[in-house]
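# Commentary on secondary and tertiary structure
This is what each chain is made of:
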There are 2 protein chains.
Amino acid sequence: MSAAAGTAFALHPQLAQDTVVIAELKLCRLLLSKDANYPWLLLVPRHPGVTEIIDLDTDAQAQLMTEIAEVSHALKETTRCDKLNVAALGNMVPQLHVHIIARRKSDAAWPRPVWGVAPTIAYGDNELTTLIDALRRKLGLDQKQ
Amino acid sequence: MSAAAGTAFALHPQLAQDTVVIAELKLCRLLLSKDANYPWLLLVPRHPGVTEIIDLDTDAQAQLMTEIAEVSHALKETTRCDKLNVAALGNMVPQLHVHIIARRKSDAAWPRPVWGVAPTIAYGDNELTTLIDALRRKLGLDQKQ
């Protein structure tokens, strides 16, 4: 949980605006999208200047997969979703970020991908806190971190 | 390049219809989408019954990342694309498949994701063969495989 690797890292302003921080994992900052349409997490490696997965060295690529799996398990167990969508696109925001989205067959975009489909819905404060707490418990993170 | 791990594996009919086979990698069958709008590859782990990345064991997850990186490098070097899009969605076709798509700022969907945007365009025979041969060379695969 050290932030040492991220000394020169700064989160892209668009990601900062659209998300809240859940945790610092070994490689990535874990974010939750403020869009309540879908439980929607993002992993952002704290390496400056990285756009593609293949811009990471192989150790960091392996760690990214480890964190994708950890976060996917936590999101699936927390939401009991029908499907996970995992994607690194970056056409709009170049800083490497991996979306991990819990999809339901009843959600606003199903079966389409989520991007650009439904207007953003805000979370209620309690709803947001409850979801973040549940995710942090599933991830085994100290509530006081 | 052994097919032993895939004895009980059968490619989903929709993927079989929409793609051509480029190669068998250690974990995955590597496919090329027949849609000439975008140079578009797919990696399908030859494990039956797998829907999510987290349905794979951790060794297979690590190998999937290795193959995503190998194929991403080959696709980027072959196409000189502006951006790679890497995604495991599976809302329509449940069999786990990872899209690796070469995006250009001039393509039919930019900057949106590609799914459901532009009508499929067929490759010319020579165009398809040239692309496949170039990708196979970049991947270090025997042309006669």
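Coordinates for the structure precede this section.
As a starting point, this report considers the structure included with it.

So, on to the relation of the copies chain A and chain B. A rotation about an axis combined with a shift along that same axis relates the two copies of the chain. The operation relating chain A to chain B is a screw motion whose rotation component is 180°, with 0.0 Å of axial translation and a residual RMSD of 0.0 Å. With respect to symmetry, the two chain copies, as superposed, fit the operation of a two-fold axis. In terms of proximity to the rotation axis, the leading residue of chain A is A:Ala87, whose C-alpha is 2.0 Å off the axis. Take the interface residues of chain A: 100% of them recur as interface residues in chain B, which is what a same-surface contact looks like.

The subject of this paragraph is the side chain of B:Gln95. All names here are of chain B. Relative to the elements of secondary structure, Gln 95 occurs in the loop between strand 4 (83-88) and strand 5 (98-103). For Gln 95, the side chain forms a polar contact with the main-chain nitrogen of His 12, separated by 2.8 Å. When near neighbours in sequence (up to four residues on either side) are disregarded, Gln 95 contacts Phe 9, Ala 10, Leu 11, His 12, Leu 15, Val 44 and Val 50.

Before going further, it helps to spend a moment on the packing of helix 2 (residues 58-79) of chain A against helix 3 (residues 125-138) of chain A. All names here are of chain A. Running from amino to carboxyl end, helix 2 crosses helix 3 at an angle of 130°, the nearest separation of the two axes being 9 Å. Accordingly, the angle class assigned to the pair helix 2 and helix 3 is oblique. When you trace helix 2 past helix 3, the crossing you get is right-handed. Here Ala 74, Leu 75, Glu 77 and Thr 78 of helix 2 lie close against helix 3, whose contacting residues are Leu 131, Ala 134, Leu 135 and Lys 138. Taken together, the residues of the contact of helix 2 with helix 3 sort by class into five nonpolar, one polar and two charged.

Time to look at the pattern of salt bridges. Counting across every chain of the model gives ten salt bridges over all chains. The partner of A:Glu52 in a salt bridge is B:Lys83, and the shortest N-O contact between them spans 2.8 Å. One end of the pair, A:Glu52, is in the loop between strand 3 (40-45) and helix 2; the other, B:Lys83, is in strand 4, on a second chain. The pair formed by A:Glu52 and B:Lys83 is uniform in burial state, with each residue classed as buried. The closest approach of N and O atoms between B:Glu24 and B:Arg29, which form a salt bridge, is 2.7 Å. Residues joined by salt bridges that share partners form a network here, namely A:Glu24, A:Arg29 and A:Arg46.

Attention shifts here to the sheet that holds strand 5 (residues 98-103) of chain A. Across the sheet, ten strands lie side by side as 1(A)-2(A)-3(A)-5(A)-4(A)-4(B)-5(B)-3(B)-2(B)-1(B); this open sheet has antiparallel pairing. A strand with exactly one partner marks an edge of an open sheet, and here the two such strands are strand 1 (19-24) of chain A together with strand 1 (19-24) of chain B. The mean angle between the axes of side-by-side strands here comes to 20°, regardless of whether they run parallel or antiparallel. Bridging between strand 1 of chain B and strand 2 (residues 28-33) of chain B involves five bridges; their strand directions are antiparallel. Within the sheet, the bridge partner assigned to B:Glu24 lies in strand 2 of chain B and is B:Arg29.

Let us now look at the interface of chain A and chain B. Contacts between the two partners involve 28 residues from chain A, matched on the other side by 28 residues from chain B. Interface area for chain A against chain B, summed over the two sides, is near 2600 Å², with a carbon-plus-sulfur share of 64%. Three residues, A:Ile54, A:Met65 and A:Asn91, lead the burial of chain A against chain B; their summed loss comes to 27% of the area buried on that side. On inspection of chain A and its partner chain B, the count reaches 14 residue pairs in polar contact (both at pLDDT 80 or more).

Bringing the nonpolar core into the picture now. What tends to happen in soluble globular proteins is that the nonpolar side chains get buried as a cluster. Within the largest apolar cluster, 72 residues are counted, with the highest numbers of intra-cluster contacts made by A:Leu43, A:Leu64, B:Leu43 and B:Leu64. Ignoring any residue separated from it by four or fewer positions in sequence, one finds A:Leu43 in contact with A:Leu25, A:Cys28, A:Arg29, A:Leu30, A:Glu67, A:Ile68, A:Val71, A:Leu96, A:His97, A:Val98 and A:Ile100.

Glancing now at the environment of B:Val50. Residues and elements named next belong to chain B. In this structure, Val 50 sits in the loop between strand 3 (40-45) and helix 2 (58-79). The exposure class of Val 50 is buried, given its relative accessible area of 10%. For Val 50 and His 97, which are 47 residues apart along the polypeptide, the C-alpha to C-alpha distance reads 9.3 Å. Excluding residues within four positions of it along the chain, Val 50 makes contact with Asp 55, Leu 56, Pro 94, Gln 95 and Leu 96.

What follows deals with the packing of aromatic side chains. Residue and element names in this part refer to chain A. Enumeration according to the criterion identifies four aromatic pairs over all chains in this entry. Ring geometry for Trp 40 and Trp 115: centres 6.4 Å apart, planes at 90°, overall edge-to-face. One end of the pair, Trp 40, is in strand 3; the other, Trp 115, is in the loop between strand 5 and helix 3, with 75 residues separating them in the sequence. Given a relative accessible area of 10%, Trp 40 falls into the buried group. Grouping aromatic residues by their ring pairs yields a cluster made of Tyr 38, Trp 40 and Trp 115.

Rules of the game
- Residues numbered from 1 in each chain as written.
- Chains lettered and ligands numbered in written order.
- Predicted model: local features only at pLDDT ≥ 70, side-chain atom pairs only at ≥ 80, totals over all residues.
- Heavy atoms only, no water.
- Least-squares fit on C-alpha atoms with pLDDT ≥ 70 in both.
- Contact = heavy atoms within 4.5 Å.
- Helix = DSSP H or I, 4+ residues; strand = E, 2+ residues; numbered from the N terminus.
- Polar contact = N/O pair within 3.5 Å; in protein donor to acceptor, adjacent residues only side chain to side chain.
- Axes fitted to C-alpha atoms, helices over the stretch in contact; angles between N-to-C directions.
- Parallel < 35°, antiparallel > 145°, perpendicular 65-115°, else oblique.
- Left-handed = near helix turned anticlockwise from the far one by under 90°.
- Nonpolar A, V, L, I, M, F, W, Y, C, P; charged D, E, K, R; others polar.
- Salt bridge = Lys/Arg side-chain N within 4 Å of Asp/Glu carboxyl O.
- Buried < 20%, exposed > 50% of the residue type's maximum accessible area, 1.4 Å probe, protein only.
- Pairing = 2+ DSSP bridges.
- Buried area = accessible area lost by both parts, 1.4 Å probe.
- Core = buried A, V, L, I, M, F, W, Y, C linked by side-chain atoms within 4.5 Å.
- Phe/Tyr/Trp six-rings, centres within 6.5 Å; stacked < 30°, edge-to-face > 60°.

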